[in-house]
Amino acid sequence: MNNIIEEMKELYLKDLKPWVVSVSFGKDSSLCLEYTFQMLGRLLPHQRKKTVHVIMVNTLVETPMMSDFMMKSIRKVQEVADAKGLPIIAKAVVPELKDRFFYNTLGKGLLVISPKAKGRWCTHRMKINPAQSMIRDIIANSPHETGVDFSYTEDGQLAMLEQDTTRVVQVIGTRLDESAARAASIRSHEFSADTKFSRHAYFKDDVLCYMPIKYLTNDEVFLSLPERFSWGIAASELEVQYGQDFLECGLQDAGENKNACGVGSRQGCFTCPAMGLNKDKMMEGLISEGFTKLIPLYEWKKQLIEMRNDVRYREFERRQWRKQHQKRLTASEERKEQVQLIGQYFDRSHDVSDFYKMKKQFDYDGFDRAEDYEYLPGGLSVEGRRLMLEKLLYIQVETGYNLISEEEVQAIIEYWNVEGYEINRKDVRPTNHSYDGALVLKKCGSINLKETSTVTPSFEVSIDFEYGRDEMVEFIESRKKETGQSYYYFTTHCDLGEKEQFVWNQAVFIVCRPGINTEEEAKQLIIDWLEPESNRQKEDHSFSGYVKRKWNKVKQLRHNGEEFIYELTLLKNAYRLLKEDNHLLYQEIKTFLISYEEEISI
């Protein structure tokens, strides 16, 4: 211990570069900070020329007791430093609003990571970004001097390296003995295998990283912990991170794997999905120790992880694909206008049927056919996001924990409104929504029986649309925004071939809702959902409904004395498919068409 403190003292007095001590108030970072306190205490007042910035990142989603402990610790660090005249500036930093967990998951619908994920967006946004922002400010205000870089080896020997132009020294509590992954990370950035120094991963030219406890073993760390740290926190209070009796447990023989019970099992964030649906040792450990108010938080986290793969709470497609719809729709409208323009200037001395044939061919060839066969969903739907936010607010009320700020709630709702939903803050109320488990699909669209946990029956409801693919998607998405509800769907098309020149699209909706027990109930649910409230009469989106609309349009055009032969041709191509489904309508249209046999070649 004395050797490390003397080593730190020599480094501190070497130049005027400020220090940054990164702490999480776990055992390793607390030991580094303890050494820093003791080193500064051994200096004479006039030698304490350099500021030591103590930075702690509060992700805002740590367990409530962990958050309280961290904030208490950073506050005590500043109080004791001021009382002793030490040049320490201690500060807790938090993610910017756009980087916070709830804003990204419940606001933007960003999916929580899976256990197999290589990168964790939450780590970068919630921990790395706020720390980097603080370090960037420190670099900007630090002296720019050139000196000789040097290294401390495992036995504390000083070794000269090269000209050093870094401006800040960051003290970090990483150790080779922590884990194989940690050792690999250290090795990837160190100058050489026998040095305690490395370049910073992000500030390579400005920050020199110093690891004073790099070579300490787990046992040595526990033996070095004081009963009470210099800032007044007892070492036993670290149990909030490692469990009760962790000091005694940590000194026991952990065997070759060095997995002493209770040690290394807590990561802080109660929302962390890294373990997937496997047991969360941190949460279960705390609950078993008597923190039973954490049970609803644990259940909330497990539900969010399940909903990640629940087809009922996923967007139809990814956000970047949705942005292309309007461009394609605009181009489609321009093509239609060109054909209409040709029709306006068509020489009426010629057979008007030639124009209708041309238009019919154009419509058939240019029809925007839907061909979305694979299951490639987007993020979490707004319906799912709202459900989870209201449940989080309910848990906050019931437990008394401060889980999400009103500022973040308002920002989440504002984002929903930017997406096109009309949701007011007063309508988002604490609600203990129930959840019946996940309906999980394979990439091919079939049900993944292994991962599906719901017992609620599911149905596929096919609805015919005369719209092109993008128009159909826009219509369905508009219903989502108007109702606040959503149903995942696949899209496809039916094509009668070049001879008939008749094609239409279909959306196949997945319905799995408690209380919906038959296919008829599922279809009626979708039909009712697709019908805007502003319509007085419900619109039938079946194929029969499509034929009825064409039939009504023909009659209206004829009554108004307008040209209707083109619409009559479309009607003729469609009505024959009605023979078995709707015999009366079939006969009615056939009788009408016979009178126009020559015009449409019936």
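In this text the structure is predicted, and so the values were computed from the model without any measurement. (Residues numbered from 1 in each chain as written. Predicted model: local features only at pLDDT ≥ 70, side-chain atom pairs only at ≥ 80, totals over all residues. Heavy atoms only, no water.)

Draft legend 1. Structural view of the overall build of the chain. Of the regular secondary structure elements, the chain holds 22 helices and 11 strands. Total accessible area on the chain stands at roughly 29800 Å², and carbon and sulfur atoms take up 49% of it. (Helix = DSSP H or I, 4+ residues; strand = E, 2+ residues; numbered from the N terminus. Areas by Shrake-Rupley, 256 points an atom, 1.4 Å probe, with all protein chains shown as cover.)

Draft legend 2. Geometry of the sheet that holds strand β9 (residues 459–465). Read from one edge to the other, the open sheet built from 3 strands follows the order β9-β11-β10, with strand pairing classed as antiparallel. Each edge of the open sheet carries a strand with a single partner, namely β9 and β10 (489–495). On average, each strand axis in the sheet is inclined to that of its neighbour by 25°, with strand direction left out of account. Looking at chain direction, β10 and strand β11 (residues 503–511) are connected through 7 bridges and run antiparallel. Each bridged residue has a counterpart across the sheet, and for Y489 the counterpart in β11 is F509. (Pairing = 2+ DSSP bridges. Axes fitted to C-alpha atoms, helices over the stretch in contact; angles between N-to-C directions.)

Draft legend 3. Representation of the side chain of T105 in the model. Here T105 lies in helix α4 (residues 101–107). For T105, the side chain forms a polar contact with the main-chain oxygen of F101, separated by 2.9 Å. Setting aside residues no more than four positions away along its own chain, T105 makes contact with L110, V112, W121, L380 and R385. (Polar contact = N/O pair within 3.5 Å; in protein donor to acceptor, adjacent residues only side chain to side chain. Contact = heavy atoms within 4.5 Å.)

Draft legend 4. Spatial organisation of the sheet that holds strand β7 (residues 197–199). Pairing in this open sheet of 6 strands is mixed, and the strands run β3-β2-β1-β6-β8-β7 from one edge to the other. Of all strands in the sheet, those with a lone pairing partner are β3 (88–93) and β7, marking the two edges. Averaged over neighbouring strand pairs, the angle between their axes works out to 25° when direction is ignored. Bridge analysis of strand β1 (residues 19–23) against strand β6 (residues 168–171) gives 3 bridges, and the strand direction is parallel.

Draft legend 5. Spotlight on the pairing of strand β2 (residues 52–57). Within β2, 6 of the 6 residues are buried, which leaves it mostly tucked inside the rest of the structure. Alternating positions in β2 separate into two faces, V52, V54 and M56 on one and H53, I55 and V57 on the other, with burial throughout. Where β1 and β2 come together, 5 bridges link them in parallel fashion. In the strand pairing of β2, V21 is matched with V54. Note that the unit made of β1, helix α2 (residues 27–42) and β2 has a crossover that is right-handed. For β2 and β3, the ladder comprises 6 bridges, and the chain directions are parallel. Counted as the bridge partner of V57 is V93 from β3. (Buried < 20%, exposed > 50% of the residue type's maximum accessible area, 1.4 Å probe, protein only. Right-handed = clockwise from strand over helix to strand, strands pointing away.)

Draft legend 6. Expanded view of the nonpolar core. Formed by 96 residues in total, the largest nonpolar core has its most connected members in V54, I88, F102 and W300. Sorting elements by how many residues they give to this core places helix α3 (residues 64–84) first, with 8 residues. With residues near it in sequence (within four places) discarded, W300 still touches F101, F102, L106, F270, T271, M388, K391, L392 and I395. In terms of nonpolar packing, the next biggest core, distinct from the first, is built from 29 residues, V311, A370, F459 and I516 among them. (Core = buried A, V, L, I, M, F, W, Y, C linked by side-chain atoms within 4.5 Å.)

Draft legend 7. Up close: the environment of I526. Along the chain, I526 turns up in helix α18 (residues 519–530). Put simply, I526 and F509 are 17 residues apart on the chain and 7.8 Å apart in space, counted from C-alpha to C-alpha. Setting aside its immediate chain neighbours within four residues, I526 contacts V461, I463, Y487, F509 and V511.

Draft legend 8. Molecular detail of helix α20 (residues 565–575). Counting buried residues in α20 gives 11 out of 11 residues, a clear majority hidden from the surface. Along α20, the residues classified as buried are I565, Y566, E567, L568, T569, L570, L571, K572, N573, A574 and Y575.

Draft legend 9. Representation of the packing of helix α11 (residues 295–307) against helix α15 (residues 382–399) within the structure. Orientation of α11 relative to α15, taken along the N-to-C sense of each, is 175°, at an axis distance of 10 Å. It follows from the interaxial angle that α11 and α15 lie roughly antiparallel. Residues P296, L297, W300, Q303, L304 and M307 of α11 pack against G384, L387, M388, K391, L392, I395 and T399 of α15. In terms of residue class, the contact of α11 with α15 is made up of 9 nonpolar, 3 polar and 1 charged. (Parallel < 35°, antiparallel > 145°, perpendicular 65-115°, else oblique. Nonpolar A, V, L, I, M, F, W, Y, C, P; charged D, E, K, R; others polar.)

Draft legend 10. Fine view of the packing of aromatic side chains. The final tally for this structure, using the stated rule, is 24 aromatic pairs. When the ring of Y12 is compared with that of W19, the centres are 5.6 Å apart and the planes differ by 80°; the resulting orientation is edge-to-face. In terms of burial, Y12 and W19 fall into one category: buried. Ring centres of F509 and W529 lie 6.0 Å apart, and the angle between their planes is 80°; on these two criteria the pair is classed as edge-to-face. (Phe/Tyr/Trp six-rings, centres within 6.5 Å; stacked < 30°, edge-to-face > 60°.)

Draft legend 11. Region of interest: the side chain of R312. Relative to the elements of secondary structure, R312 occurs in the loop between α11 and α12 (319–322). Among the polar contacts made by the side chain of R312, one reaches the side chain of D436 at a distance of 3.1 Å. At a separation of 2.4 Å, a polar atom in the side chain of R312 contacts the main-chain carbonyl oxygen of G437. In contact with R312, not counting residues within four places along its chain, are S381, Y435, D436, G437, A438, L439, T454, S486 and C512.

Draft legend 12. Geometry of unusual backbone geometry. Backbone geometry places F25, a non-glycine residue, at a positive phi of 65°. Positionally, F25 belongs in the loop between β1 and α2. F25 gets classed as buried once you look at its relative accessible area, which sits at 1%. At L60, a residue that is not glycine, the phi angle is positive and equals roughly 75°. With respect to the helices and strands, L60 occurs in the loop between β2 and α3. A relative accessible area of 33% means that L60 is categorised as partly exposed.

Draft legend 13. Examining the environment of I128 more closely. Note on placement: I128 falls in helix α5 (residues 121–140). For I128, a relative accessible area of 23% translates into the label partly exposed. Sequence spacing of I128 and P95 is 33 residues, and the spatial spacing of their C-alpha atoms is 8.9 Å.

Draft legend 14. Structural detail: the pairing of strand β8 (residues 207–210). What you see with β8 is no split at all: V207 and C209 on one side and L208 and Y210 on the other are buried throughout. Relative to β8, β6 is paired through 4 bridges, and the arrangement is parallel. When the sheet's bridge partners are listed, Q170 is paired in β8 with C209. Both β7 and β8 contribute to a ladder of 3 bridges, which runs antiparallel. The residue of β8 that forms the bridge with S198 is C209.

Draft legend 15. Spatial organisation of α2. Its 16 residues place the ends of α2 23 Å apart at the C-alpha level, agreeing with the 22 Å of an ideal helix rising 1.5 Å per residue. Most of α2 is tucked away: 13 of the 16 residues are buried. (Expected span 1.5 Å × (residues − 1).)

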